[in-house]
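Survey of secondary and tertiary structure
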Amino acid sequence: MLTVRGNPCECRPGITRRDVLRVGALGLGSLTLPEILRLKANAATGQPQGAKRGKSVIWIWLRGGASHIDSWDMKPAAPAEVRGEFRPIATNVPGIEICEHLPLQATMMDRLAVIRGIKSNDLGDHTPHYILTGFPDRGKRPAIGAIVSYLGGTAGSPSSARSSTGGQATRAAQIDAMPTYVSSFKYSHEASTYTGPQHRPFIPDGDGLANLDRRRDLTIDRLENRRELLMQVDHLRREVDRSGTFEGIDAFTRQAIDIVTSAKARDAFDLKKEPPETFERYGKYCQSLLMARRLVEAGVSVVTVKIGDWDTHEKNFRDMRDQLPQLDRGFHALITDLYDRGLQDDVAVVMWGEFGRAPRISRGDGRDHWPEAGAAVVAGGGFKVGQTIGETDSHGARSKGNPYTPSNILANLYQHLGIDPAATIPGFDGRPMHILDDREPVRELT
């Protein structure tokens, strides 16, 4: 949670650096945002180059592992104890079928690529470390967002600006007012490890910046309550500017204040800026996807989102019947918006779980963990879409060929961001650590 703090002062002329606002933890323990920025600048010396600017990734986690057999890799000819209760429907790409509870995705399959038979970690645990890092060893490697942050981010240079439709503003030069890496779920899984704590994700609690907090002893016209904070931040900027203290403030503290008080940041996190019909299109279940769309438009390079709970050891079909249509609605809205805004090449989207579900239905109409095969849906990024990639056997149990892994898909995402997956970053002991060991991308996407 962001916390605006300060010693008792009126933020008038005569303020010292010690009295200046400290912008709080961002989920990083005692680190303040100015300290994060200082650490990031210190880390920049000697770091590998190669990150281009102007590209973003929206990474969607279906926590628990959504059943691939009941969504994007159906087996209608399999025995009843394998095929389950759902039937496939045709999509707008001849020969491709997906679940009946994904009708909106079926109408836009020409904008999607489904990767089938993905082999995940053999541990079968519910942490997304493999799909975040490309390594099955839990907690030892930095997440993709931490890597991008370490390399300096990729989004928002003026040269990468592009026009959008419907009178929307161009996407340009906004990274200075936005974090590089934002997560909508508060877990320890998104480790920064040897990239340093300053590269952990920015985690906005509640309704984004509307949940900014302050210390009681901060008295800029005696900030009255948290619900009015966005308006009060405007007043804060006027007070600081009028006092002339910006000239005497440490450059990183000034940048931290700019991030919190800029209209870019406030607007990006403020879902109230969206018309009611947009909320209706995304639905309550997928409002985090709406936030993700706003953030990449504002210049955030990596946004990670968690949608639902798909750990269906029991009542698989009941839960899938409830969640799939809601996911379908929000995902369709996201991809449609990216295309309508001309961002389908700038923004890559991947939607996946940590593994698939077992082919054979188990107790209580459930499906257990199945790391041998899963599915991912990819969109945008200039990728080749309108196709399925990979094929599983007649029961959806294993890939018929050499399976792709999360590392291969992450290689595509890194390449989209302009980052060489073969680049290295110093580890804890100073030894060079490759961004990915298995750096072969999914060939069919490129």
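A short tour of the structure in this document, coming up.

1. Observations regarding the overall build of the protein
A tally of helices and strands in the protein yields 12 helices and 16 strands. Across the 446 residues that make up the protein, the buried fraction comes to 59%. If you take every contact in the protein between residues at least 6 apart in sequence, the share linking residues at least 24 apart comes to 72%. Total accessible area on the protein is roughly 18200 Å²; 48% of this is exposed by carbon and sulfur atoms.

2. Focus on the packing of aromatic side chains
One pass over the structure, following the stated rule, counts 3 aromatic pairs. Aromatic side chains phenylalanine 86 and phenylalanine 317 sit 5.5 Å apart centroid to centroid with 90 degrees between the ring planes, which places their arrangement in the edge-to-face category. Of this pair, phenylalanine 86 sits in the loop between helix 2 (80-83) and strand 4 (88-90) while phenylalanine 317 sits in helix 11 (residues 316-340); the two residues are 231 residues apart in sequence, bridging distant segments of the chain. An identical accessibility class is assigned to phenylalanine 86 and phenylalanine 317; each is buried. Relative to phenylalanine 269, the ring of phenylalanine 202 lies with its centre 5.2 Å away and its plane at 85 degrees, an arrangement referred to as edge-to-face.

3. Describing the side chain of threonine 405
The residue threonine 405 is located in the loop between strand 14 (387-389) and helix 12 (406-416) in this model. Those residues in contact with threonine 405 that sit more than four places away from it in its chain are Ile118, Lys119, Tyr130 and Asp438.

4. Re the environment of leucine 271
The topology assignment puts leucine 271 in the loop between helix 8 (263-269) and helix 9 (276-282). Along the backbone, leucine 271 and serine 288 are 17 residues apart, and their C-alpha atoms lie at a distance of 9.8 Å. What leucine 271 contacts, discounting residues up to four positions off in sequence, is Phe279, Gln287, Leu290, Met291 and Arg294.

5. Let's talk about the environment of leucine 151
Secondary-structure assignment places leucine 151 in the loop between helix 5 (144-150) and strand 7 (181-183). Taking the C-alpha atoms as reference, leucine 151 lies 9.8 Å from histidine 199; in sequence the two are 48 residues apart.

6. Digging into the nonpolar core
Among the nonpolar cores identified, the biggest contains 55 residues, and Ile60, Leu62, Trp72, Leu295, Leu334, Ile335 and Val349 are the most heavily contacted of them. Here this core takes 9 residues from helix 11, the largest share from any one element. Setting aside anything within four residues of it in sequence, one finds isoleucine 60 in contact with Leu289, Val305, Ile307, Phe331, Leu334, Val349, Val350, Met351 and Trp352. Core analysis: the second largest hydrophobic core is formed by 42 residues, Ile115, Ala146, Phe383 and Leu410 among them.

7. Some details on the pattern of salt bridges
Enumeration over the complete set of coordinates arrives at 26 salt bridges. Arginine 281 is the partner of aspartate 337 in a salt bridge, and the nearest nitrogen-oxygen pair spans 2.9 Å. Taken together, the residues span a long stretch of sequence, with aspartate 337 in helix 11 and arginine 281 in helix 9 at a distance of 56 residues. A relative accessible area of 2% means that aspartate 337 is categorised as buried. Linked through salt bridges whose partners overlap, the residues forming this network are Glu274, Arg281, Arg293, Arg294, Glu297, Asp337 and Arg341.

8. Examining the environment of lysine 75
Relative to the helices and strands, lysine 75 resides in the loop between strand 3 (56-61) and helix 2. C-alpha of lysine 75 to C-alpha of serine 394: the two residues are 319 residues apart in sequence and 6.6 Å apart in space. Ignoring any residue separated from it by four or fewer positions in sequence, one finds lysine 75 in contact with Ile69, Arg83, Thr392, Asp393, Ser394, His395 and Gly396. Within the structure, the side chain of lysine 75 is placed 3.0 Å from the side chain of threonine 392, a separation counted as a polar contact.

9. Examining the sheet that holds strand 3
Hydrogen bonds between backbone groups are what pair the strands of a sheet, and the pairing can be parallel or antiparallel. An order of 7-9-3-10-13-6-14 is seen for the 7 strands of this open sheet, with the pairing classed as mixed. The strands lining the two open edges of the sheet, one partner per strand, are strand 7 and strand 14. Pairwise comparison of adjacent strand axes, ignoring direction, gives a mean angle of 15 degrees for this sheet. Bridge count for strand 6 (residues 112-116) against strand 14 is 3 bridges, and the pairing is parallel. Pairing of valine 114 across the sheet is with threonine 388, part of strand 14. Across the sheet, helix 11 is in contact with strand 3, strand 6, strand 10 (347-352) and strand 13 (375-380); its angle to strand 10 comes to roughly 165 degrees. This element, helix 12, spans strand 3, strand 6, strand 10 and strand 13 of the sheet and lies at about 165 degrees to strand 10.

Thresholds applied
Residues numbered from 1 in each chain as written. Predicted model: local features only at pLDDT ≥ 70, side-chain atom pairs only at ≥ 80, totals over all residues. Heavy atoms only, no water. Helix = DSSP H or I, 4+ residues; strand = E, 2+ residues; numbered from the N terminus. Buried < 20%, exposed > 50% of the residue type's maximum accessible area, 1.4 Å probe, protein only. Contact = heavy atoms within 4.5 Å. Areas by Shrake-Rupley, 256 points an atom, 1.4 Å probe, with all protein chains shown as cover. Phe/Tyr/Trp six-rings, centres within 6.5 Å; stacked < 30°, edge-to-face > 60°. Core = buried A, V, L, I, M, F, W, Y, C linked by side-chain atoms within 4.5 Å. Salt bridge = Lys/Arg side-chain N within 4 Å of Asp/Glu carboxyl O. Polar contact = N/O pair within 3.5 Å; in protein donor to acceptor, adjacent residues only side chain to side chain. Pairing = 2+ DSSP bridges. Axes fitted to C-alpha atoms, helices over the stretch in contact; angles between N-to-C directions.

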